[in-house]
Number of protein chains: 2
Amino acid sequence: MQTTADKSVPRRDARDKVTGRARYTVDLHVPGMVDGWVLRSPHAHARLVSIDAAEAERVPGVLCVLTRDDVRDIDPHFGQAIKDQPLIALDRVRFAGEPVAAVAAESATAAREAMARIRVEYEPLRAAMTLDEALAGGAPVLHESVGLSALSPDLRDIKPDFPRNIANRFTYQRGDVARAFAEADHVFDHTFTLPIVHHFFLEPFAAIAHFEGGDLTVWSGTQTPFAQQQMLAEMFRLPLSRVRIVVPYVGGGFGGRELMPPVPLAAALSRKARRPVRIVYSSEETCRTIARHAARIRIRTAVRRDGTLLGRDAQILMQTGAYADQGPRVIKKGGYRVVGPYRVPHVKVESCAVYTNTVSAGAYRGFSTPQVGWAYESQMDIIARTLGLDPVEFRLQNMLKRGDEYAPGDRPVDSDLPDMLRRACAAIGWPPRGGSRFAVRGSPSESGTGNREPRTANPQATGLGVACVIKDGGGTRTSSTAIVRLHADASATVLMSTVEIGQGAHTVLAQVVAKELGLDVGRVAVTATDTSVTPFDQRTNASRGVAMMGQAVQAAARDAAAQVAAIAAEAFGVPPEACRLEGGALVAGDRRMTVGEAISHFFRDAGGELIGRGYSRPDAGMGTLGAVSSFWEIGIGAVRVAVDLETGAIELPHLVTVADAGWAINRDLVEGQDLGAAMMGLGPTLFEELVYEGDQPVNGSLVDYRLPLFPDLPGEFDSIILEGGGGPGPNGAKGVAEGGGLPVAPAIANAVAAATGARITALPLTPERVWRALRATPALSPQPSVVSLADPGPGQNPKGTGRSTREG
Amino acid sequence: MQTTADKSVPRRDARDKVTGRARYTVDLHVPGMVDGWVLRSPHAHARLVSIDAAEAERVPGVLCVLTRDDVRDIDPHFGQAIKDQPLIALDRVRFAGEPVAAVAAESATAAREAMARIRVEYEPLRAAMTLDEALAGGAPVLHESVGLSALSPDLRDIKPDFPRNIANRFTYQRGDVARAFAEADHVFDHTFTLPIVHHFFLEPFAAIAHFEGGDLTVWSGTQTPFAQQQMLAEMFRLPLSRVRIVVPYVGGGFGGRELMPPVPLAAALSRKARRPVRIVYSSEETCRTIARHAARIRIRTAVRRDGTLLGRDAQILMQTGAYADQGPRVIKKGGYRVVGPYRVPHVKVESCAVYTNTVSAGAYRGFSTPQVGWAYESQMDIIARTLGLDPVEFRLQNMLKRGDEYAPGDRPVDSDLPDMLRRACAAIGWPPRGGSRFAVRGSPSESGTGNREPRTANPQATGLGVACVIKDGGGTRTSSTAIVRLHADASATVLMSTVEIGQGAHTVLAQVVAKELGLDVGRVAVTATDTSVTPFDQRTNASRGVAMMGQAVQAAARDAAAQVAAIAAEAFGVPPEACRLEGGALVAGDRRMTVGEAISHFFRDAGGELIGRGYSRPDAGMGTLGAVSSFWEIGIGAVRVAVDLETGAIELPHLVTVADAGWAINRDLVEGQDLGAAMMGLGPTLFEELVYEGDQPVNGSLVDYRLPLFPDLPGEFDSIILEGGGGPGPNGAKGVAEGGGLPVAPAIANAVAAATGARITALPLTPERVWRALRATPALSPQPSVVSLADPGPGQNPKGTGRSTREG
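Residues numbered from 1 in each chain as written. Chains lettered and ligands numbered in written order. Predicted model: local features only at pLDDT ≥ 70, side-chain atom pairs only at ≥ 80, totals over all residues. Heavy atoms only, no water.

### Here's the deal with the relation of the copies chain A and chain B
The second copy of the chain is related to the first by a rotation about an axis and a shift along the axis.
Line of reasoning, step 1. Superposition record for chain A on chain B: RMSD 0.0 Å, screw rotation 180°, translation along axis 0.0 Å. Seen this way, the second copy is the image of the first under a two-fold rotation axis. Considering only C-alpha atoms, the part of chain A nearest the rotation axis is Val533 of chain A, at 3.2 Å.
Line of reasoning, step 2. Of the residues that chain A buries at the interface, 100% are likewise interface residues in chain B, meaning the two copies contact each other through the same surface. (Least-squares fit on C-alpha atoms with pLDDT ≥ 70 in both. Contact = heavy atoms within 4.5 Å.)

Shown next as structure tokens:
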């Protein structure tokens, strides 16, 4: 029986969002609520000599001012991996924009007046603004010592080195890298960089906290309600049951809404003010609160003459900013993932999270995979072209196949990568016709811009590029729980804590339950996330909603179904397994009983419901890194670019991504996820960079920061959705939230190189950077050259970080 | 280990309520919400010829007007037993105050203007305002035919007789009543009456409904969220999962907040207005919406010379008003309960719910037991005094003992009634000293008024009275479900749907869970009632919270405890039963593991929680009435009265009640419940009556309606709490919410008779009625006389319904 559970039903949040009825944190009103404002440090690094809020607290309309003096009775530090971040500055400030005081006031005017009257004395310290400045001998040390007691079990192997500004160092090796490099025909050694970028979700950070009588309630659009609950419970020494996190609609997450810093600030302010306090950050403030890691990635790859990959030695430096946030996990994953979807027998990796006096960096859609993918897929093209190999054939030659091991002990690869790459190539028109990578505008065979006219009358060069990226999806050590309540009229309510952050999880998980119970999906309700209601889920990240929570809701639905089947079977006098649930009724042979009749029978006509529970938990195996990956998310893409040879501007006539959803429960939503990820990938590829001048970020606003706009979209923009069935979720479902974005940057850079011969190793590919690369490229020769134009990228030596690979 | 789970911890709602922070329905704001107002019928009975709201809908600020024309596509009828009540008048109105139209408007001014412009044409019909008028030949018929399809299974035996205005007739007999009466030495035949009274909870009816996109959400302080959910699902043809009932704080229930009529009205209005609609009734409107059944109860009792009860033949007429509401169940219970806590071998009962053109009557604290207890315990005193027996000894002689059958097949009596009566007597000073039932003021031995000075300088007569009432508690066919979430820090969250209506249920049920899990009660949170969250519970009534829901939360806690114990046992390598949960840790011999460690072990360090579920359901037995009672709630009380011989005013120097809580989980709250019930019992005993003049209620407001005031409280007011352990709840707990009120009226009337010789058979015992009885009593003779002063009580013949029993 096909029900709407099998179809692309509309997203449940669509109507609310389209009509403007959706209520985000900022739209909520808690009775008695006042607003909170934050006074921020102007210095990137300074000792906080003194702070005096007495005069500010006397301003009429001001309820209180929160400073370090108000948090001495609690544990003021938090952090996702290391508890290194104080909710309000204590002895030092470590980045420009760090909260130094917060004001609860009944009006913005009063708050502004109060903030002007808070007297703060700073003693400026030398700042480390870049990777190099932080790693140099004699660099200022950001953190002296930090308690590690509250580390999650999955970070037992964390190795911070505070005197050297290292938040975590991850090393990994297999095989004999030295021998591989010694025996190789070619060694390729390149360094790739990416600057700090910000998530720029549409909804800035906001939190409402109400601390009252030993109970703390927080309303906040977080991706990690249970991590936030635990953080607050530890901070204020409360039982988990007395900390409640309510999650309203969320305006985008992308990894940036994990332990949102305004949350503990609002909680502490509410505790002092004895009122519910709302803190709403501007997008400027949000941009000074969380970011994606800037990175410098050096990859050495050993290759045989025939194109066989032999070994890889990678050094990854990621700029984690003033506080570690997810940095220690990000660099670990980056290290593990830098091998890519290829057979590489000998591997050695070192990956470091480096403290700097910049905005904290955390998770960002792909969790370091965009960074390392940028590096290794750029290098793969360089290698192929240097060796005179077709970049696609070269990749196929080395590519992992379904069932191959990514690393010893880890989950085997669960998608058909070569097939996916071939489909991408077919869609984009690979190999390029006529063998020429060059064309000027007007050549319809190569310069097509899809549905859109080219935006330039200048000469263009067009080219094709591909990239293949792989990441372990779903989180490595991850768990979910769920409750399914089966009502007497054969409808159901799902209680589970995957946050609806715009990905459509509530719609799809309702479909999973509906299918399991044989119901129309309209009969399955999903209750909004609220830790006082919906049971534990580790977090909403890593494309894990369908793959991991899907298992829990499926198990809970099966548990409820088994109970109602057992009731009917007993009434029928048949074994439970002879009784099945179909369209709201129990059926065994020619016996039939509605769910309502069965529930009524069990509860002896008194009414009732059946409660199913489901748990999903990590596999038992230990894998290479002490755990087994949940599934493999594949990001394969191909792109056709048209480069304006006068301005360096890049247009994208065609971009195609290929995703393997395992089971596409709701095809429209899978496509939306995949295209959305690719679209988001355009920003850091072409435009985005949080620019620092001295110790100050200067473009952290929606006016100054260049995000992708609709005219930037590819002329043709396709997502090819496959259903390989290899995932751990219901019917083999996998997650698809990040894959589409992973190949975008290297595929575009590869296409630019194909079109122009200019190899650029620093993101973003702004017109200026492309223009400079074109100028540095000999006569648009088809021979590629490597040009690094990393300035003013942070944390890297602006001079000559690339080296020529004209060895082929 | 004694934890706070064993103590009288403070009520969780106390702080909010004392500080005014508690938010009731009227305090809520739903974005976009408008208010709804109701136009009511001025006629008690009329045909609705036409209704025209066109002009009203054009008033600026008016969103819409709801009339019968707007409910043709839904099932507009609802009802707890019979679906006889339309949400808005259709073809007829059946009581003065029935909603005829409802206006959704942005201001009260606009609504008033609109209501004035709704044109309604009525054709008045003859009304039946009393039992006699409704039962007379040729009486107007209120309901022609009503669909019975949606009856609850427990009402399969309903026997309505619409042409005779009978909503249900219940008959019951055992033994051979005719022979018992023929063989008796004495037959006592009395008729007792009670008028309509209203619950007058502090919070008038209020509801907010939001109908949107096939989902209906209601905020309303109901006692029966799941019954309300089902009613709305049937009415609007929605799955249960798409009807959500959120229950904010509730300002008292007492049976009056079951299917609250403003709820379907608000829902239909929201559906038409396409906005959230709030309807807040004034207390005057609330008083015209629900009431307690007026009753006329004739009891014939056959007695042997030695005081042995032989048989009882009772005819109970209850005035159920315009719509049946709970009437069909109320009269059934009244019929079953009229035997009282005595061995009566031969019984015959007929009990009827009679439709009249008055406000609908439903459940009221005790569910007909106050009415029948008033009758039979008054008569027991008459019999004793007539036969020259001590009223207490006479009762003890016939009283059911623990383990005796109340009726064949039903649950045996589970409290020690004789012990309870003896304790009441001891507390009040029974037997009266000196044998004299009379005293005048100034005799300190008899006229003590406890802590308070008598309010009169007139001569007083004092006397003692007792009464013993029994009811089957908890509901006969009743079920509850619950979820207990055990968190990793050994705290817990309870999801269950017993409504906190002021009885302290959330506090006590948290204690049950805390005790089961070995936790401090402060670590156990209880989530607010919300059908989208908290699982099915039949209803919050019948003193069933602790006794019935207590079983479900206990089972859920045990389920969670068993899971965590099994995890630890497996880790320890011992059988699960060797592992116990103590103070947040699992212990087996000298092995110990915290709950957090066990959960972490099970979820392989990924975090998690364990979900326990619990079901409680009716016993399997069939009993006399097709089901077995859940437990027996006993209401035993004794009172000392002082009657002002000039004015007839009654003072209460001392009132004592005795309750058997089975297990008093929270002794303070048990006392509060018992004293609260007794205090509420004072109102209908001494003051309360909803007075009709013609077809209009004339005192239905807090100004005109006389409720008990603090000066009316007894001088000494005691509750004796026993823990007999006989109940079905945790540790033998029983419910105690209603017992304290049951003996109040007959004990006071018995004391008045003892003091003055005046036997009054009609409530309330107003000064005027007592004064008239005193005037009719020969010279304050110690010989009792029976005086009926039922006028202007509704539904009964004002002349001579009592008959003299001076046969002894």
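### Quick notes on the side chain of Glu633 of chain B
All names here are of chain B.
Line of reasoning, step 1. By secondary structure assignment, the location of Glu633 is in strand 28 (residues 631–644).
Line of reasoning, step 2. Although Glu633 is buried, it forms no salt bridge, and the closest oppositely charged side chain is Lys471 at an N-O distance of 4.3 Å.
Line of reasoning, step 3. Those residues in contact with Glu633, other than ones at most four positions away along the chain, are Val469, Ile470, Lys471, Gly473, Ser543, Gly735, Val736, Ala737, Glu738 and Gly739. (Helix = DSSP H or I, 4+ residues; strand = E, 2+ residues; numbered from the N terminus. Buried < 20%, exposed > 50% of the residue type's maximum accessible area, 1.4 Å probe, protein only. Lys, Arg positive; Asp, Glu negative; His and termini not counted. Salt bridge = Lys/Arg side-chain N within 4 Å of Asp/Glu carboxyl O.)

### A short note on the pattern of salt bridges
Line of reasoning, step 1. Considering all chains together, one arrives at 99 salt bridges over all chains under this definition.
Line of reasoning, step 2. Between Arg72 of chain A and Asp69 of chain A there is a salt bridge, with the nearest N and O atoms lying 2.9 Å from each other.
Line of reasoning, step 3. Taking relative accessible area as the criterion, Asp69 of chain A reaches 44% and is therefore assigned partly exposed.
Line of reasoning, step 4. Asp189 of chain B serves as the salt-bridge partner of Arg298 of chain B, at 2.6 Å between the closest nitrogen and oxygen. Taken together, the residues Arg298 of chain B in strand 16 (residues 294–303) and Asp189 of chain B in strand 10 (residues 186–194) connect sequence positions 109 residues apart.
Line of reasoning, step 5. Exposure remark for Asp189 of chain B: the relative accessible area of 11% places this residue in the buried category.
Line of reasoning, step 6. Here the residues in one salt-bridge network are Glu377, Asp381, Arg385, Arg395 and Arg759 of chain A, joined through shared partners.

### Quick word on a negative patch on the surface
All names here are of chain B.
Line of reasoning, step 1. On the surface, a cluster of negative charge is contributed by Asp668, Glu671, Glu716 and Asp718.
Line of reasoning, step 2. If you trace the backbone, Asp718 turns up in strand 32 (residues 716–722).
Line of reasoning, step 3. Judged by its relative accessible area of 30%, Asp718 falls in the partly exposed class. (Patch = residues over 30% accessible without salt bridge, like charges linked within 9 Å, V, L, I, M, F, W, Y side chains within 5 Å. Areas by Shrake-Rupley, 256 points an atom, 1.4 Å probe, with all protein chains shown as cover. Charge placed at Lys NZ, Arg CZ, Asp CG, Glu CD.)

### Things to note about the interface of chain A and chain B
Line of reasoning, step 1. Taken together, the contacts link 60 residues of chain A with 61 residues of chain B.
Line of reasoning, step 2. Carbon and sulfur atoms supply 55% of the area buried between chain A and chain B, which totals about 4700 Å² over both sides.
Line of reasoning, step 3. Residue Arg613 of chain A is joined to Asp559 of chain B by a salt bridge in which the shortest nitrogen-to-oxygen separation is 2.8 Å.
Line of reasoning, step 4. Viewed at the interface, chain B and chain A are joined by 38 residue pairs in polar contact (both at pLDDT 80 or more).
Line of reasoning, step 5. Elements supplying a minimum of two residues to the side of chain A that touches chain B: strand 21 (480–486), strand 22 (492–496), strand 23 (524–526), helix 14 (545–572), helix 15 (595–602) and strand 27 (610–616) of chain A.
Line of reasoning, step 6. It is strand 27 of chain A that contributes the most residues to the side of chain A that touches chain B, six residues altogether. (Buried area = accessible area lost by both parts, 1.4 Å probe. Polar contact = N/O pair within 3.5 Å; in protein donor to acceptor, adjacent residues only side chain to side chain.)

### Considerations on the pairing of strand 21 (residues 480–486) of chain B
Residues and elements named next belong to chain B.
Line of reasoning, step 1. Counting buried residues in strand 21 gives seven out of seven residues, a clear majority hidden from the surface.
Line of reasoning, step 2. Residues Ser480, Ala482, Val484 and Leu486 line one face of strand 21 and the alternating positions Thr481, Ile483 and Arg485 line the opposite face, and both faces are buried.
Line of reasoning, step 3. Inspection of the sheet shows strand 21 paired to strand 27 (residues 610–616) by seven bridges, in the antiparallel sense. Counted as the bridge partner of Arg485 is Ile611 from strand 27.
Line of reasoning, step 4. Sheet topology places strand 21 next to strand 22 (residues 492–496); five bridges connect them, and they run antiparallel. Bridge pairing in strand 22 places Leu486 opposite Ala492. (Pairing = 2+ DSSP bridges.)

### Focus on the packing of helix 6 (residues 225–236) of chain B against helix 7 (residues 262–273) of chain B
All names here are of chain B.
Line of reasoning, step 1. Relative to each other, helix 6 and helix 7 sit at 40°, their axes nearing to 11 Å. The angle between helix 6 and helix 7 falls in the class oblique. Between helix 6 and helix 7 lies a crossing whose hand is right-handed. Contact residues: Gln228, Met231, Leu232, Met235 and Phe236 in helix 6; Val263, Pro264, Ala267, Ala268 and Arg271 in helix 7.
Line of reasoning, step 2. Taken together, the residues of the contact of helix 6 with helix 7 sort by class into eight nonpolar, one polar and one charged. (Axes fitted to C-alpha atoms, helices over the stretch in contact; angles between N-to-C directions. Parallel < 35°, antiparallel > 145°, perpendicular 65-115°, else oblique. Left-handed = near helix turned anticlockwise from the far one by under 90°. Nonpolar A, V, L, I, M, F, W, Y, C, P; charged D, E, K, R; others polar.)

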